[in-house]
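Each chain, letter by letter, is given below.
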Amino acid sequence: MGDAQISTLLGQPALVQLVDKADNGKNEKEKKELLRKIETQCKSFDGKGKLTVDDYYSVLKVQCKVDLTKNDIRKVVADLPMDKNYKISVQDFCRTPILSDEVFKAMDKNNDGQISKGELKLARKDLTMKQIQSIMSKLDDDGNGTISLDELKKSNPTPAEV
């Protein structure tokens, strides 16, 4: 299992992270609908398929009423590839999995700074125990049976490298 595959299995796209962070009491179905609406709005925003942080803010905050700041967006998209005009492709924003501090914190249910097998399974219900064991053995450098943020970051290629 390569680093890119781990990033794909554990990461969350920027859009999902931002909507989860704003968590406005929506259930899963409402969240999926909101994600679909935002992605559609982003794609039609200027028709070119790339937007700036300000553009994403306009779509998320102004058009779709997601409670966030421009800084929230900047933090999440920092590892995504940008062109010389600081534009990020809508495809990357909506689909490319990113392993950020926020994703780690969301998986670390007991806030002990470590992700256990159980926490990993809770966070990624679609993974098999075999996949989880494989991820744990690949990332757990110190052999303590958990993954720290440092261990996760060491394994995390930026999306541009994937």
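Our subject is the structure that appears above.
Since the structure is predicted, the reported quantities are computational estimates derived from the model, not experimental observations.

Peer 1: Please explain the packing of helix 4 (residues 53-63) against helix 5 (residues 70-77) as it appears in this structure.
Peer 2: For any two helices packed against each other, the geometry comes down to the angle between their axes and how far apart the axes lie. Orientation of helix 4 relative to helix 5, taken along the N-to-C sense of each, is 120°, at an axis distance of 9 Å. In terms of axis orientation, helix 4 runs oblique to helix 5. Crossing of helix 4 over helix 5 shows right-handed handedness. Contacts between helix 4 and helix 5 involve Val53, Asp54, Tyr56, Tyr57 and Leu60 on the former and, on the latter, Lys70, Ile73, Arg74 and Val77.

Peer 1: How should unusual backbone geometry be read in this particular structure?
Peer 2: Residues other than glycine predominantly adopt negative phi, and peptide bonds predominantly adopt the trans conformation. The backbone of lysine 65 sits at a positive phi, close to 60°, despite the residue not being glycine. Residue placement: lysine 65 occurs in the loop between helix 4 and helix 5. Even without glycine at this site, tyrosine 86 takes up a positive phi of about 60°.

Peer 1: Just to check I follow, could you spell out helix 5 for this structure?
Peer 2: An α-helical segment advances 3.6 residues per turn. Residues three or four places apart therefore align on the same side. Taken residue by residue, helix 5 has Asp72, Ile73, Val76 and Val77 as its buried positions. Down the axis of helix 5, the sector holding all buried residues measures 115°, keeping them to one side. Buried residues in helix 5 make contact with helix 2 (14-22), helix 4, strand 3 (88-89), helix 6 (90-95) and strand 4 (97-98).

Peer 1: What is the right way to look at the packing of helix 3 (residues 28-46) against helix 4 in this model?
Peer 2: Two elements in contact, helix 3 and helix 4, have axes whose closest approach is 10 Å; the angle formed by their N-to-C orientations is 135°. On the basis of the axis angle, helix 3 is oblique to helix 4. Between helix 3 and helix 4 lies a crossing whose hand is right-handed. From helix 3, Lys37, Ile38, Gln41, Cys42 and Phe45 reach across to helix 4, where they touch Asp55, Tyr56, Ser58, Val59, Leu60 and Gln63. Across the contact of helix 3 with helix 4, the residue classes break down as six nonpolar, three polar and two charged.

Peer 1: Help me out: how do you make sense of helix 2 in this one?
Peer 2: In terms of burial, helix 2 is a largely internal element, seven of the nine residues being buried. By the burial criterion, the buried members of helix 2 are Ala14, Leu15, Val16, Gln17, Leu18, Val19 and Ala22.

Rules and cut-offs
Per chain, the residues get numbers from 1 upward, laid out in the order the sequence is written. Only residues with pLDDT of 70 or above have their local features reported here, since the model is predicted, and side-chain atom pairs are shown and tallied only from 80 upward, although totals for entire chains, interfaces and linings are computed over all residues. The side-chain values count all of the structure's non-hydrogen atoms but skip hydrogen atoms and water molecules. Interaxial angles span 0 to 180 degrees and are taken between N-to-C directions of axes, which are lines fitted to C-alpha atoms, for helices over the stretch in contact. Only DSSP runs of H or I reaching four residues or more are called helices, and only runs of E reaching two or more are called strands; each is numbered from the N terminus. The cut-offs work like this: below 35 degrees is roughly parallel, past 145 is roughly antiparallel, 65 to 115 is roughly perpendicular, and the gaps in between are oblique. Whether a crossing is left-handed or right-handed is set by the direction in which the near helix is turned from the far one by less than a right angle, anticlockwise for left-handed and clockwise for right-handed. Note on contacts: a residue pair is in contact if any heavy atoms of the two residues lie within 4.5 Å. For the exposure calls, accessible area comes from a 1.4 Å probe over protein chains only, and a residue counts as buried if that area is under 20% of its type's maximum, exposed if over 50%, partly exposed in between. Each direction from the helix axis to a C-beta atom contributes to the arc, which is the arc of those directions. The nonpolar class holds Ala, Val, Leu, Ile, Met, Phe, Trp, Tyr, Cys and Pro. Asp, Glu, Lys and Arg form the charged class, and all remaining residues, Gly among them, are polar.

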